[in-house]
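Observations on the model geometry
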Amino acid sequence: MTEETFVIDSGAGPISGSAGTDGGRDLLLLHGGPGLSDYMDLLAGETAGWRAIRYQQRGVAPSSVDGPFTVARHVADAVAVLDGLGVDRAVVLGHSWGAHLALQLASAAPDRVSAVIAVDGLGPDGDGHVPAFAAELRRRLPADAVGRCAELDAIPDLSDADALESTALLWPSYFAQPAQAPPLPAGLRLSVTCSVGTFASIFDELPDGTFARRLAQLTVPTFVVIGDASPMPRAAGEETAQLIPGSELIVVAGSGHLPWHEQPGCLAAVLDRVG
C-alpha cells in the first residue's frame, strides 16, 4: 500500500497525516490515547482494499501541539481532515479513545460518517470504566515492573517522559497473553497535557449521561468490537452497543485491547460487512 502525506489547516493549527493512494472507499482511522502519537499503521493488514486515512491527533508533532484539548476540538480536527481531503463521507474506525472520538464524530456530524467501527472503547457514561481499565492493566503487570509503575503513579506532575515509561511498562498488559506481547510501537510519543485536558473534557459529558443520550439517538450503522480478554471491562462495549439503535456487538475471542494483533483479520472481516 502506498501513501501520500498531507497537512491540513484545522483553523486551530496544522493537522498532519497520510492517505492511501491505491483507491478504495475512504476509511478514517482514529488512534487511541489521547495524547499518543499515531500508531494506526499497525492496522495495515486489516485495511486492504480501502483508502486508509490516518492522522496525528492534536497534541503531538507534527500536528499542532497547542490546545484546546477538548472533545469538540478533536471532532473539529477530524472534520477538517475530511474537508481538506475532499471526503464527503467516510467509514470511521477508532480504537480505544479513538473509538469514543469516532462515536462523538458520528453524533456531531452524522452526514460525514457512513459507518462506525468502535474498537474496545470507553464506556458510554459514569466513569467510562476507565478506573477499572487502569486497575486491570496494573494487576497484569509482571512482578519486576510493579514497583516502578507504582513509583510513576505516585508522581503528582508526570512528565511526558515519565508517562511514556509508564506506558511501556504497562504495554504487555493490553494483550490477552502479556508474555507474548509485541514490542511497543517504535517511536511512540506522548503528551501529558493533551491527555489530561482531553480526559477532563470527556468526563464533562459521561457522568451526567449527556454522551449516552446522544448515542441513543445515533442513526449511523455502528459495529462495537471488543476483545474478550481485554483489560477494558466487557461492560464498556456492551453498554455502548445497547444504547445505539441497530448496532452490533462483536466479541473477538482470545484477544485483548488490540484485537487485530492476536486475531489477525478480525477487523478486515468487519470492514467486509460494512463494504
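Here is a short report on the structure shown in this document.

1. Quick look at the sheet that holds strand β1 (residues 3-9)
The sheet built from eight strands is open, its strands ordered β1-β2-β4-β3-β5-β6-β7-β8 with mixed pairing. In the strand order of this sheet, the two ends are held by β1 and β8 (248-252), each with one partner. Between one strand axis and the next, the sheet turns by 20° as a mean value, whatever way the strands run. Note that strand β3 (residues 25-30) and strand β5 (residues 90-95) share four bridges and pair parallel. Residue pairing across strands places Leu30 opposite Gly94, the latter belonging to β5. On top of the sheet, helix α8 (residues 234-243) reaches β7 (222-227) and β8; it is set at about 170° to β7, its chief contact.

2. As for the layout of surface pockets
Taken as a whole, the largest pocket spans an internal volume of roughly 970 Å³. Along the wall of the largest pocket there are 36 residues; nearest its centre are Gly33, Thr167, Tyr174, Ser195 and Phe199. Mapped by element, the contributors of at least two residues to the lining of the largest pocket are α3 (130-139), α4 (143-153), α5 (160-170) and α6 (192-202). By residue number, the principal contributor to the lining of the largest pocket is α3, which donates five residues. By residue class, the composition of the lining of the largest pocket is 26 nonpolar, eight polar and two charged.

3. Observations concerning the nonpolar core
The biggest cluster of nonpolar side chains holds 77 residues, and the ones touching the most others in it are Leu28, Tyr55, Leu93, Leu105 and Ile117. Discounting residues that sit within four places of it in the chain, Leu28 has contacts with Ile53, Tyr55, Ala78, Val81, Leu82, Ala90, Val91, Val92, Leu93 and Leu105.

4. A look at empty space enclosed by the protein
For the coordinates displayed, the defined rule picks out two cavities of 30 Å³ or more. Size it by volume and the largest cavity reaches roughly 70 Å³. Considering the residues around the largest cavity, the lining is formed by 13 residues, among which Leu103, Ala118, Gly121, Leu122 and Thr240 are closest to the centre. Mapped onto the lining of the largest cavity, the elements with two or more residues apiece are α2 (97-108), β7 and α8. Tallied by class, residues from the lining of the largest cavity come to eight nonpolar, four polar and one charged.

Parameters and conventions
Residues numbered from 1 in each chain as written. Predicted model: local features only at pLDDT ≥ 70, side-chain atom pairs only at ≥ 80, totals over all residues. Heavy atoms only, no water. Pairing = 2+ DSSP bridges. Helix = DSSP H or I, 4+ residues; strand = E, 2+ residues; numbered from the N terminus. Axes fitted to C-alpha atoms, helices over the stretch in contact; angles between N-to-C directions. Contact = heavy atoms within 4.5 Å. 1 Å grid on protein atoms, 1.4 Å probe; cavity = no way out; pocket = protein on both sides within 12 Å on 5 of 7 lines; lining within 4 Å. Points joined across faces, edges and corners; volume = space filled by probe spheres on them. Nonpolar A, V, L, I, M, F, W, Y, C, P; charged D, E, K, R; others polar. Core = buried A, V, L, I, M, F, W, Y, C linked by side-chain atoms within 4.5 Å. Buried < 20%, exposed > 50% of the residue type's maximum accessible area, 1.4 Å probe, protein only.

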